[in-house]
Amino acid sequence: MMKSTFLAAACAVLISVMSVAADDLPDPRGKVVLTVTGDIARTNGDGVARFDLDMLRAIGETEFVTDTIWTSGTYTFTGVELADLLDYLGATGDSLSARAINDYAVTVPVTDAVEGGPIIAYEMDGKTMSRREKGPLWLVYPYAASSDYRTEVIYARSIWQLDRMTVGE
């Protein structure tokens, strides 16, 4: 009887530790550039996922070359795919409320988060972006890849100076 009680307690502790390990993100070591809240499974404190630049890079870097309606010429944008970030967080909502440093806000449907789709860019032509250059983060779509990405709706979702998102319904 005592042996089975001990075994059950040990299993409960192991399951608890495993779920904490799966849900927890490391704490950012550098300046926080993105905060995500809402319907997410992985956090690093009180239902919040805070990321520094190195943490975003570690999720998986991608890049594409595109022009934009706000810049002259084409640029190489580097960042994390929105789809990869949402998968990494275990996001379950249908939409994202994305906010900029100046509190400008847009709603982005989670259906936009597809492979080869928008990225949360942190570099333009290999350089981190300052606020003046629409940084530190910019939700950039691969506009040159498809006419589907060259619409007023998509342009309106292309929020720059992004610093926080809430995943919801």
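Only a predicted model underlies this, so the values are computations on that prediction, with no experimental measurement involved.

## Looking at the pairing of strand β5 (residues 95-100)
With 5 bridges joining them, β5 and strand β6 (residues 105-109) adopt antiparallel strand pairing. Within β6, the residue paired with Ser97 across the bridge is Thr107. Inspection of the sheet shows β5 paired to strand β10 (residues 162-168) by 6 bridges, in the antiparallel sense. Within β10, the position partnered with Ala100 by the bridge is Leu162.

## Some remarks on the sheet that holds strand β2 (residues 49-52)
Strand order in the open sheet formed by 5 strands is β2-β1-β10-β5-β6, with mixed pairing between adjacent strands. Whereas interior strands pair on both sides, the edge strands pair on one side only; in this sheet they are β2 and β6. Neighbour-to-neighbour, the strand axes of this sheet turn through a mean angle of 20 degrees, independent of strand direction. Sheet topology places strand β1 (residues 32-38) next to β2; 4 bridges connect them, and they run antiparallel. By the bridge assignment, Val32 is partnered in β2 with Asp52. This element, helix α3 (residues 82-89), spans β1, β2, β5, β6 and β10 of the sheet and lies at about 130 degrees to β2.

## Comments concerning the nonpolar core
In a soluble, globular protein the nonpolar side chains are often hidden away together inside. By size, the foremost hydrophobic cluster in this structure holds 43 residues, and its most contacted members are Leu34, Phe51, Leu56, Leu85, Ile120 and Met165. Leave out the neighbours within four places in its chain, and Leu56 touches Val33, Leu34, Phe51, Val80, Leu85, Tyr122 and Leu137.

## Description of α3
Residues of α3 that are buried: Leu82, Ala83, Leu85, Leu86 and Leu89. For α3, the buried positions fall inside an angular range of 165 degrees around the axis, keeping them on one side.

About the criteria used
Residues numbered from 1 in each chain as written. Predicted model: local features only at pLDDT ≥ 70, side-chain atom pairs only at ≥ 80, totals over all residues. Heavy atoms only, no water. Pairing = 2+ DSSP bridges. Helix = DSSP H or I, 4+ residues; strand = E, 2+ residues; numbered from the N terminus. Axes fitted to C-alpha atoms, helices over the stretch in contact; angles between N-to-C directions. Contact = heavy atoms within 4.5 Å. Core = buried A, V, L, I, M, F, W, Y, C linked by side-chain atoms within 4.5 Å. Buried < 20%, exposed > 50% of the residue type's maximum accessible area, 1.4 Å probe, protein only. Arc of directions from axis to C-beta.

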